[in-house]
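Results of the structural survey
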Amino acid sequence: MLDRPPTQLSKPRRRLPNQRWQIHLQKTELAQKLADAANLSPIVCQLLINRGIETPAQAKAFLEPESLNLPSPLAEFPDLAMSVELLQQAIASQSKIAICGDYDADGMTSTALLLRSLRSLGAQVDYAIPSRMHEGYGINKRIVEEFHSEGVKLILTVDNGISAFEPIARAKELGLNVIITDHHDIPQKLPPADAILNPKLIAESSPYRGVAGVGVAYILAVSLAQKLDKTKGLIQPMLALFTLGTIADLAPLSGVNRRWVKRGLKLLPKSQLPGIKALIQVAGVQATGGGVGVQGYKGVGKDKLIIQSPIPSPQSPIPSPQSPIPNPQSPVPNPQSLKPEDIGFRLGPRINAVGRIGDPLTVIELLTTDDEGLALERAMQCEQANTSRQQMCEEIEQQAIAHVEDLYATSLPQDRVLVVIQPNWHHGVIGIVASRLVERYGVPVFIGTYENEELIRGSARSIPEFNVFEALEYCHDLLGKYGGHKAAGGFSFPATNLPKLRSRLREFANQCLQLQHLKPLLQIDVEANFNQIHQELYQQLNNLHPCGIDNPDPVFWTANVQVVEQQIVGKGHIKVTLSQAINGQQYQFKAIAWRWRDYYPLPPRLDIAYKLRENNFNGNTSLELELLGVRLAQKQLEAQSHQLQLFYQASPKPLRTAFKYNQRQYTCGVYQNNSLPELRIKNSDGKVLVMQPGNTIGLLGTSREDALEIDLTLPQYDSIVQAAIQALSMLSAEC
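Residues numbered from 1 in each chain as written. Predicted model: local features only at pLDDT ≥ 70, side-chain atom pairs only at ≥ 80, totals over all residues. Heavy atoms only, no water.

**Description of the side chain of arginine 116**
- Secondary-structure assignment places arginine 116 in helix H6 (residues 105-120).
- Other than its neighbours up to four places away in sequence, arginine 116 contacts Leu241, Leu273, Leu367, Thr368, Thr369 and Asp370. (Helix = DSSP H or I, 4+ residues; strand = E, 2+ residues; numbered from the N terminus. Contact = heavy atoms within 4.5 Å.)

Quick look at the structure:
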């Protein structure tokens with residue numbers, strides 16, 4: 001059994017996600033003190049501490065946002081009173097008002113919110129949204145002049161306008177009044193509008209500071225309705241649209257956003273807006289008493305995933321055209337409250353998809369119509385656009401990965417940035433692909449495609465240590481239009497500048513990035529053992545909601561768990577059962593790892609990082625884990641180090657012993673095979689299991705010629721190997 005060359009056993013170890021784990025500093029004493037004062041779990045209190053909340057008063061304000069006394073927005077926004085007055089005058093005189101919106105979820109929900117509210121308040125109002133493909137972001141001179149020719153007297157921008165000096169100046173030349181509502185960064189020179197509402201112009205300490213474009217629109221609409229004393233029936237529809245836009249735009253869920261979104265999430269499942277009802281039904285989201293379920297779509301074929309969990313999949317299946325269309329007049333089952341991830345992962349993308357690759361008019365009609373039939377028709381168009389967007393993203397992502405692997409993957413440690421330019425990619429989705437490449441390669445990504453033979457247009461996404469806007473500024477002489485912030489940006493440049501731009505971005509990246517930064521960062525809140533995870537903890541975690549930007553979903557980690565079962569499901573997801581032994585008792589949870597096919601099968605022992613999700617299916621409720629990261633268990637790494645010592649140490653006599661495992665008797669020993677050590681374990685039937693240190697593939701049989709190759713990471717083999725090593729370790733200690 002000893003004559004097969006050892007190289008035939010050597011197969012590379014399966015890789016795991018290449019991540020940096022950053023675990024928050026644990027303030028155990030402070031967490032316990034806060035837990036005693038607030039009657040909360042110490043785990044929840046550590047989560048609060050991680051978010052800068054360290055006193056019982058701060059905890060109360062965070063957990064009960066309705067307890068805060070908010071200042072009047074009229075006192076916070078200097079131009080709000082003027083804005084309300086201009087709109088009030090336009091309504092009274094029946095002057096035409098025109099809204100200039102934007103094509104992302106924030107811009108479209110802002111436009112719909114002001115259209116609905118102004119129409120209900122008696123205004124003559126219409127709107128325009130610039131073309132993503134042909135005009136790009138923001139109000140422009142063409143739109144201004146078109147408004148003027150149509151007799152518009154007042155222009156109202158939403159989610160844009162703060163940087164549009166020339167178009168606003170042109171509007172003033174034409175005698176138009178202009179109100180700018182925006183939330184983007186303030187330029188050095190403000191446009192000459194009659195009134196500007198932008199939270200970046202108010203105090204940083206203001207609870208209104210973090211509102212998105214739809215938040216500014218909501219404040220303006222509510223203030224106007226209050227001035228006219230016509231708030232009845234207006235607030236709830238506006239709050240639903242505010243909630244949808246705020247979460248989809250990834251606005252910080254702090255200050256008034258936290259308070260209003262928490263209200264809005266309770267209202268959304270019960271919303272009477274036909275568009276919201278149709279969108280929720282078509283997206284397959286249902287609210288339940290303790291969380292959110294996702295309607296399962298049963299299908300035939302290996303790529304059909306039956307969703308039985310509320311965990312929001314980035315690749316969730318879409319009902320086929322033959323599937324029964326849900327009735328938007330049917331009530332949502334057990335209406336309670338949606339969670340931000342239902343909007344972020346299921347509702348928001350369906351709206352954003354239209355802005356990316358379709359006509360924003362579809363979304364505006366969806367969110368402003370009172371016709372149930374039209375709402376359903378528009379919701380289905382959003383669904384179709386999202387399906388097309390998913391397919392485009394998948395195709396472009398695979399092409400981009402192939403391009404990177406072919407040309408740039410080996411030089412990433414030297415380049416420290418990816419610049420990926422290819423023809424015939426859709427501008428509307430390359431930003432999403434850039435985010436996926438950052439997740440995969442752990443470096444900043446600048447991705448673009450040819451507008452024409454002479455011009456390249458693209459998007460950038462980043463890692464925490466790399467500032468996209470500063471990088472674009474560093475290359476300003478090579479670029480045409482550009483803009484953005486620390487984490488993301490957009491740009492265009494002459495195609496002839498591509499080699500110079502690639503070189504300049506490498507230069508910038510090497511100035512600010514070290515090699516240790518070139519791994520995706522996983523920020524982890526707190527360690528939790530499986531016996532600490534239960535419904536009581538989950539209900540306390542619900543008090544932290546809504547979670548999102550500035551209040552992320554809690555991320556836990558657990559050490560040294562065992563992989564009991566695992567399988568590939570759907571389009572490359574791993575479904576796994578995990579177990580942890582605590583004081584002789586086994587605790588198990590089911591988990592899902594999205595798009596982790598490359599890491600299958602997972603090793604038998606892992607440290608895991610995850611979010612908690614509640615699964616409501618067929619009337620049963622259970623907690624599940626959404627895996628975000630794994631690494632070889634640190635205890636296992638220590639054991640492997642000890643194993644190597646066992647295999648290579650000099651011993652006065654051969655290491656041979658007997659041991660019992662699962663009521664059966666075995667013998668084992670360390671032997672030399674062509675000068676390489678290997679462990680052999682023999683049972684009473686004469687079968688021998690062979691493993692060599694560092695290999696995950698072993699042999700099992702009565703002779704080496706007819707032995708089968710086996711996967712040593714499978715629990716049944718890993719457990720007996722560990723038992724044998726433990727027996728040999730005890731023998732080694734005696735020698």
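Here the narrative resumes, following the displayed structure.
**A short note on the nonpolar core**
- Core analysis: the biggest nonpolar cluster contains 76 residues, and Leu87, Ile99, Leu113, Leu114 and Leu118 have the highest contact counts within it.
- Top contributing element to this core by residue count: helix H9 (residues 213-227), with 10 residues.
- Beyond its immediate chain neighbours, meaning those up to four positions away, leucine 113 contacts Val214, Ala217, Tyr218, Ala221, Met238, Leu241 and Phe242. (Core = buried A, V, L, I, M, F, W, Y, C linked by side-chain atoms within 4.5 Å. Buried < 20%, exposed > 50% of the residue type's maximum accessible area, 1.4 Å probe, protein only.)

**Quick look at the pattern of salt bridges**
- Per the counting criterion, the structure on display carries 28 salt bridges.
- With a shortest N-O distance of 3.1 Å, aspartate 607 and arginine 631 are connected by a salt bridge. Of this pair, aspartate 607 sits in strand E19 (residues 605-617) while arginine 631 sits in strand E20 (residues 620-632); the two residues are 24 residues apart in sequence, bridging distant segments of the chain.
- When its relative accessible area of 25% is taken as the criterion, arginine 631 is described as partly exposed.
- A salt bridge links arginine 664 to aspartate 685, with the shortest nitrogen-to-oxygen separation between them at 3.3 Å. (Salt bridge = Lys/Arg side-chain N within 4 Å of Asp/Glu carboxyl O.)

**Focus on the packing of aromatic side chains**
- Summed over all chains, the structure comprises 16 aromatic pairs.
- A ring pair is formed by phenylalanine 466 and phenylalanine 508, whose centres lie 5.3 Å apart and whose planes are at 85°; its orientation type is edge-to-face. Taken as a pair, phenylalanine 466 in the loop between strand E11 (455-461) and helix H18 (468-474) and phenylalanine 508 in helix H19 (residues 498-512) lie far apart in primary sequence, 42 residues in all. Like phenylalanine 508, phenylalanine 466 is buried.
- Through a chain of ring-to-ring contacts, the aromatic side chains of Phe446, Phe466, Tyr474, Phe491, Phe493 and Phe508 assemble into a single cluster.
- Above the ring of tyrosine 671, the side-chain terminus of arginine 656 is found at 3.8 Å from the ring centroid. (Phe/Tyr/Trp six-rings, centres within 6.5 Å; stacked < 30°, edge-to-face > 60°. Lys NZ or Arg CZ within 6 Å of the ring centre and 35° of its normal.)

**Re the pairing of strand E24 (residues 688-691)**
- Neither face of E24 is exposed, since Val688 and Val690 on one face and Leu689 and Met691 on the opposite face are all buried.
- Judged from the four bridges that link them, strand E23 (residues 676-683) and E24 form a sheet pairing that is antiparallel. Across the sheet, the residue bridging to lysine 682 is valine 688, located in E24.
- Connecting the antiparallel pair E23 and E24 is a turn made up of four residues, with glycine 686 showing a positive phi of about 90°.
- Note: E24 against strand E25 (residues 697-701), three bridges, orientation antiparallel. For valine 690, the partnering residue across the bridge sits in E25 and is leucine 699.
- Linking E24 to E25, which pair antiparallel, is a turn of five residues; within it glycine 694 sits at a positive phi near 90°. (Pairing = 2+ DSSP bridges.)

**Some remarks on a nonpolar patch on the surface**
- A cluster of nonpolar side chains, Ile186, Leu190 and Leu201, forms an exposed patch at the surface whose accessible area comes to about 210 Å².
- Looking at the secondary structure, you find leucine 190 in the loop between strand E5 (177-181) and strand E6 (195-197).
- With relative accessibility at 36%, the residue leucine 190 sits in the partly exposed group. (Patch = residues over 30% accessible without salt bridge, like charges linked within 9 Å, V, L, I, M, F, W, Y side chains within 5 Å. Areas by Shrake-Rupley, 256 points an atom, 1.4 Å probe, with all protein chains shown as cover.)

**Describing helix H2 (residues 42-50)**
- The element H2 is largely enclosed, with a buried count of eight among its nine residues.
- All of the buried residues along H2 are Ile43, Val44, Cys45, Gln46, Leu47, Leu48, Ile49 and Asn50.
- In this structure, the buried residues of H2 make contact with helix H1 (28-38), helix H3 (56-63), strand E15 (526-527), helix H20 (535-542) and strand E16 (556-569).
- At the N-terminal end of H2, a side-chain oxygen is found 3.1 Å from the backbone nitrogen of isoleucine 43, two or three residues along, and the residue is serine 41.
- Following H2 by one or two positions, glycine 52 has its phi on the positive side, about 80°. (Polar contact = N/O pair within 3.5 Å; in protein donor to acceptor, adjacent residues only side chain to side chain.)

**Quick notes on the environment of glycine 698**
- Residue position: glycine 698 is located in strand E25.
- Given a relative accessible area of 0%, glycine 698 falls into the buried group.
- Distance from glycine 698 to leucine 679, taken between C-alpha atoms, is 9.8 Å for residues 19 residues apart in sequence.

**Description of the sheet that holds E5**
- Taken in spatial order, the five strands make up an open sheet running E3-E2-E4-E5-E6, and their pairing is parallel. In this open sheet, the two strands that pair with only one neighbour each are strand E3 (124-128) and E6. Each neighbouring strand pair of the sheet contributes to a mean axis angle of 20°, computed without reference to strand direction.
- Where strand E2 (residues 96-100) lies against strand E4 (residues 152-158), five bridges are found, and the strand directions are parallel. If you follow isoleucine 99 over to E4, its bridge partner there is leucine 156. (Axes fitted to C-alpha atoms, helices over the stretch in contact; angles between N-to-C directions.)

**Considerations on the sheet that holds strand E9 (residues 418-421)**
- With respect to topology, five strands assemble into an open sheet ordered E9-E10-E11-E13-E12, the strand pairing being mixed. Pairing within the sheet leaves two strands with one partner each, and these edge strands are E9 and strand E12 (482-484). Between one strand and the next, the sheet's axes are offset by a mean angle of 15°, whatever the strand orientation.
- Here strand E10 (residues 445-450) pairs with E11 via six bridges, running antiparallel. The partner of valine 445 across the bridge, within E11, is arginine 461.

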